[in-house]
Amino acid sequence: QRGRRRRKSPPGAVFCAFASLLETAQPGLGSHEPESSTAPAASALAAAVGVCPAGVLLLALLWRTAPGAPGRDRSGNPARGERIRSDHGLCSLHGVDHVRCCRWNFCMASVSTCASCLVQTVPWGLWSSAQRRLLARIVRRLWGEAGPPADAATVAEPAEVPAAAAASAEAGAPWPGTWPEVIQALPQVNYLTRGGVSSVYLGPLLAVLLQGAQDIGPEPFLFEAVHALQAALPYGSTSPLLLADAIERLPSQRSREAGSRQVACRHDWRNFPEPLLRRLAAVRRSRGGGSHGCGLAASAWTAAYREEPRSRCCPRGTWPALARAAGESAGRWLVAVLGLCVLCEAAPTLELAELAAALGALDSYVLCDGAQCSVGVEQVMADFAEGMADPCGAIAWYPVVADLRGRCMCVQPPPPRSHRGAADAPLGQAPQVGTAFLSHRETLEHVQRGGSLARMNDGEQQLLSLDFSGPLAKPADLALRFQFAVQARCPGLCIGVVSPEPGARVELRTVGPTHEAWWQERGLPITKLNFHTGVLPPNRTYCFGMATYRPKVGPGAQDLAEFAAAWDLVFKDKNVLFIAPADWRMEPTAALEVFLQRCGGCKPISSFLYGEGELVPPFRLARRLSVLNPAVLPFQVVVGEEWPRYLAGVREAASEAEADVAAVAWGPFGDVLVAELACLGLPAVDVGNLLDILNRREKSVDPDGLSPDSSVSI
């Protein structure tokens, strides 16, 4: 505080007064009161907690993790069985301070549980510089000596971890210091963690983002990318020393609007030598190809890259999707896209020789497995042509890499591409410019033609909204996945919402007065806000989010028999995989009974599938109905690192069932799963409570529906 005018009763004075009491006050982690202290000490502690709970908690943890402190054995290692845990998703409550949540819900359990919550829950860029140094020291004290626990329940990583990635996890190992070093440290293994983040790729990707922060400053979009990795990281298999180093090296985030940075280009791209990538353009043009099939996060970033008015580098609003796509490690091309986006932002600050060396290293990384392309151009071109068969390899990402490489050299960006393509529109609908909303009937026709549907209704809209505050759990990872789902443009995928336009009241009225009244009063204001803030992107064709509810009034009204017949056509002559996890919050016997009722009395036929049940609506015309084993998915998902395992299990079941389409009833998580499957090539429909509506239980899920004793026959 030297050289600054001191304010009356500065908070720092209270905080420092508490720090001086650490040796004698022995602060408790989960309570306001010290474990043994005088009244003045207790008063000082309570005041400090009120001023800065984060600082108080970190100082208390620092004291508790000192050798010989309670909760540690004589060698200074964590107590037996403790590890970095990954069950703190509920501390991502919107409007609730993360640190206070950790303190009250986890810090009473143990020192390591408290530290785990802080590491995973609080976005790393929001800590101050001093707080990050304290947190890094605590992590090293707790887990640095022991390393990652051997019994961590995580997805297995490849046996051969790249040397650069392994070295970065060692205590005191230096991080790469130049762009060529950063790029050369990128792993060469293509270990796929579909829907998550590979711990093998974490260190190298963080090095790319940290190098960018060093060259261009702590811009908000870099921290958005870091947080996307943080939210889905498998902490049990990630080196604690790597985490500590990253937390300590990351600068504090600037509180500045993204996109405000304007930097002039200093380089003349015409002076660059012809890159090897340009010599491969003929191969790319002869093969064609698209960018679909790489998963939800990659599709979300690609959509923004194609649509948004061109900045000099990459679209600012979708850095989380890009970081997550690279973190899945589907291949070197996606990692190279992230590297080029960061390098493009840093290019105006680099000397010409530095930029040329960095781009040359990226050429070698994507084309020559990190070598110096010494095998000759002909061999490189042959390998490149062979790699074009990979739907998420060169055929999809070569034009993007070539374009971004040109932007790094300060080539002026081309005019924006058209907003839509035929493959992006709902099946059978002409591409449109502007936002359009399909009716109830048009939405049903869309899924009857084989399209996919993810319905973003009341709960999903609240999860999407950046400004909605209430008693609603908003795990950071789930909120990000919802954003990816609405941003992505995958073949046949249509996002279902209730239109906020004035004419939407007519469509709402068809499903009943209770629905209409709720949406007009509470639902539509949130949807309008999501469109206004850009969370729901414009220039899309949206489906009707209430399409699984029966239209009861108006020209399109249907009775239950007609509504069931219309939905039967959605799955006619198809092999269907029905995904509806049992509600294990109930007593197990009751949960399994409800599950068997919904699947027509199905029975186990393999470790993944149930089958041989009665074909109930809407599956009466299906060729075959397979049902996902209710034990494969939990009823609720909180932790981001679990998604790869769940998604892999669903895809394995779909392969075994030879599924043509998936019908999903899994609450908000089902919408993410539908979008992920659609972006990976399997059509999927969020059916929600449709089976209850069509099987004489309409009143239990629809306040405007028929009671179970209705005489209507289906």
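Cut-offs applied
Residues numbered from 1 in each chain as written. Predicted model: local features only at pLDDT ≥ 70, side-chain atom pairs only at ≥ 80, totals over all residues. Heavy atoms only, no water. Axes fitted to C-alpha atoms, helices over the stretch in contact; angles between N-to-C directions. Helix = DSSP H or I, 4+ residues; strand = E, 2+ residues; numbered from the N terminus. Contact = heavy atoms within 4.5 Å. Nonpolar A, V, L, I, M, F, W, Y, C, P; charged D, E, K, R; others polar. Salt bridge = Lys/Arg side-chain N within 4 Å of Asp/Glu carboxyl O. Buried < 20%, exposed > 50% of the residue type's maximum accessible area, 1.4 Å probe, protein only. Pairing = 2+ DSSP bridges. Core = buried A, V, L, I, M, F, W, Y, C linked by side-chain atoms within 4.5 Å. Parallel < 35°, antiparallel > 145°, perpendicular 65-115°, else oblique. Left-handed = near helix turned anticlockwise from the far one by under 90°.

K.L.:
Help me out: how do you make sense of the packing of helix α20 (residues 440-448) against helix α25 (residues 560-568) in this one?
P.N.:
Packed helices, taken two at a time, are described by the angle their axes make and the gap between the axes. Between α20 and α25, the least distance of the axes is 9 Å, while the angle of their chain directions is 40 degrees. Here α20 contributes His 440, Leu 444, Val 447 and Gln 448 to the contact with α25, which in turn contributes Phe 563, Ala 566 and Trp 567. Among the residues making up the contact of α20 with α25, the classes are represented as five nonpolar, two polar and no charged.

K.L.:
Explanation requested: the pattern of salt bridges in the structure shown.
P.N.:
Should their charged atoms come close, side chains of opposite charge can pair. Applying the stated rule across the entire model yields 17 salt bridges. With a closest N to O distance of 3.3 Å, Asp 686 and Arg 455 form a salt bridge. Of this pair, Asp 686 sits in strand β10 (residues 684-686) while Arg 455 is found in strand β2 (residues 452-455), placing the two residues 231 residues apart along the sequence. We note that Asp 686, like Arg 455, is buried. Salt bridges sharing partners connect three or more residues here, namely Arg 140, Asp 245 and Glu 248.

K.L.:
What exactly am I supposed to notice about the pairing of strand β4 (residues 541-544) here?
P.N.:
Looking along a regular strand, one sees the side chains alternate between the two faces of the sheet. Where strand β1 (residues 436-437) meets β4, two bridges bridge the pair, whose relative direction is parallel. Note that in β4 the partner of Phe 437 across the bridge is Tyr 542. Looking at chain direction, strand β3 (residues 493-497) and β4 are connected through two bridges and run parallel. Bridge pairing in β4 places Val 497 opposite Phe 544.

K.L.:
For this particular structure, what's the right way to read the nonpolar core?
P.N.:
Counting 156 residues, the largest nonpolar core has Leu 118, Trp 301 and Trp 397 as the members making the most contacts within it. In terms of residue count, the dominant contributor to this core is helix α16 (residues 332-346) (twelve residues). One finds Trp 519, Val 570, Ala 580 and Leu 691 within the second-largest nonpolar core, a separate group that totals 44 residues.

K.L.:
Quick question: what am I supposed to make of the packing of helix α22 (residues 476-487) against helix α28 (residues 667-679) here?
P.N.:
Their axes nearest at 9 Å, the elements α22 and α28 cross at an angle of 45 degrees. Here α22 is positioned oblique relative to α28, judged by the angle of their axes. Seen along the crossing, α22 lies across α28 with a hand that is left-handed. On α28, the residues touching Leu 478, Arg 481, Phe 482 and Ala 485 of α22 are Pro 668, Phe 669, Asp 671, Val 672 and Ala 675.

K.L.:
What's the story with the environment of Ala 298 in this structure? I'm lost.
P.N.:
Here Ala 298 lies in helix α14 (residues 296-307). C-alpha of Ala 298 to C-alpha of Ala 321: the two residues are 23 residues apart in sequence and 6.5 Å apart in space. Ignoring anything within four residues of it in the chain, the contact list for Ala 298 reads Ala 325, Leu 334 and Trp 397.

K.L.:
I would appreciate a short explanation of unusual backbone geometry in the present structure.
P.N.:
Between Pro 617 and the following residue, Pro 618, the backbone shows a cis peptide bond with an omega angle of 10 degrees. Inspection of the secondary structure assignment puts Pro 618 in the loop between β7 (609-611) and β8 (624-628). One non-glycine residue with positive phi stands out, namely Asp 573, at about 60 degrees. Position of Asp 573 relative to the elements: it lies in the loop between α25 and β5 (575-579).

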